[in-house]
Amino acid sequence: MIGIATHQTSRVDTLFWLAPLRGDRNAIPLLLILALSLVIGFLAVLAFGYFSDQTKIRSVKDRTQAHLLAVRLFQDNLAAVLQAYRKILWYTVQYLYLALKPSLIMLAPLLILVVYLNSYFGYEPVHPNESFLFTAQMASGQAMNDVNLQLPAGLSESALPVHIESRKEVVWRLTAAHAGNYQVQLLTDGQVFSKKITVSDRLVRILIGRWREHPYQHWLDPSESSLPSTAAIVEMRVGYIPRTIDLGWVQCDWTVILFAASILTALIFKKLLGIEI
Amino acid sequence: MITRRTRKPLALFRKRNVGVLFLLLAILLHPHQAHAYAGPGSGFAVLSSAWTLLLTFLYSVYAFVTWPFRQAFRLARRRKSYRNAKFKRVVVVGFDGMDPELAERFMQQGKMPHFAKMRATGTCSKLRTTFPAISPVAWSTFQTGCNPGKHNIYDFLARDLRSYLPLLSSAQVKGPRHRLRIGKYSFPLGKSHVSGLRRSIPFWHWLGKAGIFCSVIRVPVTFPPEKFPGVLLSGMCVPDLKGSQGTFCFHSTHNRATTRYESGVRFTFEKRGSVLQSYIPGPDHPLHEESRELRVEFTVRPDPIRGEAEIVIGTERFKLKLGEYSEWIPVKFTTGFGMGARGICRFNLRQLEPEVEVYVTPVNIDPQSPSLPIAHPNSYSIYLSKLFGRFSTLGLAEDTWGLNEEVLDDASFLQQCYDNHSDREEMFFDALEKTPQGLCACVFDTTDRVQHMFWRYMEDGNSAAPRDSKSEHAQVIEHLYQRVDGLVGRIMQQIDPRTLLLVISDHGFKSFNRGVNLNSWLLQNGYLALHRDAIESGDWFQNVDWSSTRAYTLGLNGLYLNIAGREGHGIVKPGAEAEELTQELSQKLEGLIDPETGRVSISGVFACGALYAGPYATNAPDLIVGYSEGHRASWDAVNGRVTLKVFEDNPKAWSGDHCIDPRLVPGVLFSNQKIEAQGAAIVDVAPTILNVFGIPKPHHMDGRVWKVNSTSIDSTAPNQVI
């Protein structure tokens, strides 16, 4: 039997202790995102307060607000109003400059975190008995014609593969009988390449593809290193469906919720902590 | 100076951070779906600036769309407003208490070149003050153009006719009418109401009605601010957060029996290891009907080796060097249930060894979040505060009692004065810039406070002996006048010939060596009686037998008859009996000799019936007592205290005064234009300014209109000597 790793999703791949709660596909990610936003918002405020020049930021914000008030107070005086507009723009630029340093400092860990979290929240895993697409992009037309897909037990092809000459791609439609992590293997030009496919009802970490020379590949999943630059396959991609969170009245990408909730949290904490943002 | 953590904004671009920057750029240059999320850091920046820009943009759109209509309306109105105006702008700079004799002396010595220039090319004259020569009275007359009988201000204090207790004459704060009692709490149903007691209409209201924009800053007796088309920041008579006219705190590790000062409170620090703890008292708890004050605790960690102390109050933490003032520190008095009051105060580290002593200014109303209205529109104080930082809002912002009670020394008091003065200058120049047409009026009261407290250094033999070496402060008043001259110079640089500049003062200044307690004199002469066995009274007429009292004095210059039907326990019949008593008192008091000095202590007594006319003349004292130079109502008399001594030395630092015979303390009038101002009086200013803008003098105004020459000035004209 070729390559099935496990039928059970590993503990590492499940997100925290909530993952075993199979419940609502929408509610659990939403709760997790909100909880993370709380932590991120709090830490971001602390970091912003620490890395920024609070006195200058307070001063610049005060002056901006003063000139906003000036626009209203001296509305009959065109020169004063125009001067106030000019000052507002100037102080806004100053504020952005002052906010640049803490923003840049926070950007690095936040980007890393978000990229990492995207592997959990960005896509839904394949569900048992649901068909999905598995795509392989080849380096050459020859490799495309020679490619052979080997499936582990539990995975089956539900249609014949489609060859798209123009993009040098081969697309298979597959179905999984059970939940678990499956390793499919592609044989071409005497080389063997594997790709993990995650089938689950839980919130699990998902890596949609395996690429040639991808800078984050190993970091995102140590078990799946980048394809070598000389590989006959450029990319292998599983057709996981992008996850959207249903808020009742609108469908949102998880990053939007994280952004909004962490900003809101930060606004609350900044008041409690007396930090100017 | 306050010690704060500061960082260089460009620290990120140091060498060691360049690598990190490149890494971040590298990440950014590899786009991925999730990278769209930039996180709260840049989110804050973007949101904050975007919000500002959005607001500005929206308001700009509104302003742009409506501008042609508004401008057309205003142009039509303004053309009408300024059609008969002789000048496009009038700038009134008030220097409270600037004395014409001192000004003349310093001009002659060449120390006030800008005033001398006005004297040479414009106008220089004495300005007759009001009866009595007290700031709230004179500035009320300035703004209304009326005698006190029409504006109802006769002193800082008025009296309650029933209880004979003092009341603030200018404003009154009333709590909510109804309260809801739940358990130990009593919730106010409605807001507290502040009402002004000054009557009549300030002249800027007339200007505003005519479409002329006005900026009015710190003119006394403008609290609470009244609505008018312009901006106004209230001045003298604005209370502190406790509702008083200024109550300082003094905290010390030295335990003394005294807990109260005049206008101040003393606290003993509680020691907790190396940290000292105390509190600042605030306003009364609004949810408790019994008087229970709110408090804000603070700690002090003294470091005698470094000569500094760290103070922590609320979320504020700062270090002070010995003798140093903090910035204005925001304090919040919370009551729970989301209620509270915000104030600001400054700390001064007075001493570190052997005892730790910290002075705290009265808690001013926070201009950024005012608990009581102190500006019109309300946002004007917020605007000023955001632009220039927090500033003192208390009416009598310079803590003269702190110096009188020797809690502050001369230098600290002077610093407080000049800090406030600098703030005021910034506000004034901003108002000047924002008022290219119309009226810009500002009153600086540092001149008054400094002269009150430093006159003792000007003359030998002053009873309030200098506390520091005389040479150190001998020239404080001269420097003050020079500073004021510099300010006028800067103003003159910023105005053109189409601006009329008026520099005025409400009164002059004289020495205050000897106090006269008229209540004691009235007791000794049988006009006032104490209850049996009492030799002296307490404060505010405690032990006074009103059923046998015919006259009493309260405040600085007023003498009242105890009129039947008017006062709560009046015995003097109105009409002939009162008239006779008035004449009798006038005759006896005028020329009253101080037996210790042999000098006349009262140079004039004026019957108010002849001084005032108007609907509020009945609230006036019956007599205004005009003390001669060197004398004034004693501190006891002002507080309604009857003692054994009629005359006594004034030992306080408050050694100069103006609450004397108003004929002896005229103010000043300077202008950059020629004004025919023979016998000019402060009451003339309002009708003259209205006239300058082509607005006829309202019938009720008592002042006369000066002839202001708006043609070019002949710089060769002879100087008019004061």
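What you see is a predicted model, and the numbers here were worked out from it, not measured in a lab.

What counts as what
- Residues numbered from 1 in each chain as written.
- Chains lettered and ligands numbered in written order.
- Predicted model: local features only at pLDDT ≥ 70, side-chain atom pairs only at ≥ 80, totals over all residues.
- Heavy atoms only, no water.
- Helix = DSSP H or I, 4+ residues; strand = E, 2+ residues; numbered from the N terminus.
- Expected span 1.5 Å × (residues − 1).
- Buried < 20%, exposed > 50% of the residue type's maximum accessible area, 1.4 Å probe, protein only.
- Pairing = 2+ DSSP bridges.
- pLDDT = per-residue confidence, 0-100.
- Contact = heavy atoms within 4.5 Å.
- Polar contact = N/O pair within 3.5 Å; in protein donor to acceptor, adjacent residues only side chain to side chain.

### Quick look at helix 6 (residues 254-273) of chain A
Residues and elements named next belong to chain A. Spanning 20 residues, helix 6 covers 27 Å between terminal C-alpha atoms, matching the ideal 28 Å at 1.5 Å per step. Residues of helix 6 that are buried: W254, T255, I257, L258, A261, S262, I263, T265 and A266. One or two residues past the end of helix 6 sits G274, with phi positive at roughly 70°.

### Some points on the pairing of strand 22 (residues 357-360) of chain B
All names here are of chain B. Here strand 22 shows two buried faces, one formed by E357 and Y359 and the other by V358 and V360. In the sheet, strand 11 (residues 248-252) pairs with strand 22 via four bridges, with the strands oriented antiparallel. For H251, the partnering residue across the bridge sits in strand 22 and is V358. One ladder, built from four bridges, connects strand 21 (residues 347-351) with strand 22; its direction is antiparallel. Paired with N348 across the strands is Y359, a residue of strand 22. In sequence, strand 21 turns back onto strand 22 through a hairpin of five residues.

### Quick look at the confidence of the model for chain A
Residues and elements named next belong to chain A. Chain-level pLDDT for chain A is 85 on average; 87% of the residues reach the 70-or-more range. Mean pLDDT in chain A bottoms out at strand 1 (residues 4-6), which sits at 43, and peaks at strand 7 (residues 169-176), which reaches 95. Confidence over residues 1-12 falls short of pLDDT 50; this stretch has 28 contacts with residues more than four positions distant or in other chains. The model gives residues 16-23 a pLDDT under 50, and that stretch makes 11 contacts with residues more than four places away or in other chains.

### A closer look at the sheet that holds strand 13 (residues 264-268) of chain B
Strand order in this open sheet of five strands is 12-13-11-22-21 (chain B), and the pairing throughout is mixed. The open sheet terminates on both sides in strands that have one partner only, identified here as strand 12 (260-261) and strand 21 of chain B.

### Here we look at the side chain of S511 of chain B
All names here are of chain B. Looking at where S511 falls in the secondary structure, it is placed in strand 27 (residues 510-516). For S511, the side chain forms a polar contact with the side chain of E459, separated by 2.5 Å. Side chain to side chain, S511 and N513 meet in a polar contact 3.2 Å long. When sequence neighbours within four positions are dropped, the list of residues in contact with S511 reads W455, E459, N462, E629, G630, H631, S655, G656 and D657.

### A few points about the pairing of strand 3 (residues 131-138) of chain A
As judged from the seven bridges shared by strand 3 of chain A and strand 7 of chain A, these two strands associate in the antiparallel manner. Along strand 7 of chain A, the bridge assignment pairs S131 of chain A with T175 of chain A.

### Focus on helix 13 (residues 476-494) of chain B
Since the α-helix advances by 3.6 residues per turn, residues separated by three or four positions end up pointing in the same direction. Taking 1.5 Å per residue as the helical rise, helix 13 of chain B with its 19 residues ought to reach 27 Å, and the 27 Å between its terminal C-alpha atoms agrees with that figure. Every buried residue of helix 13 of chain B is listed here: V476, I477, E478, L480, Y481, V484, D485, L487, V488, G489, I491 and M492 of chain B.

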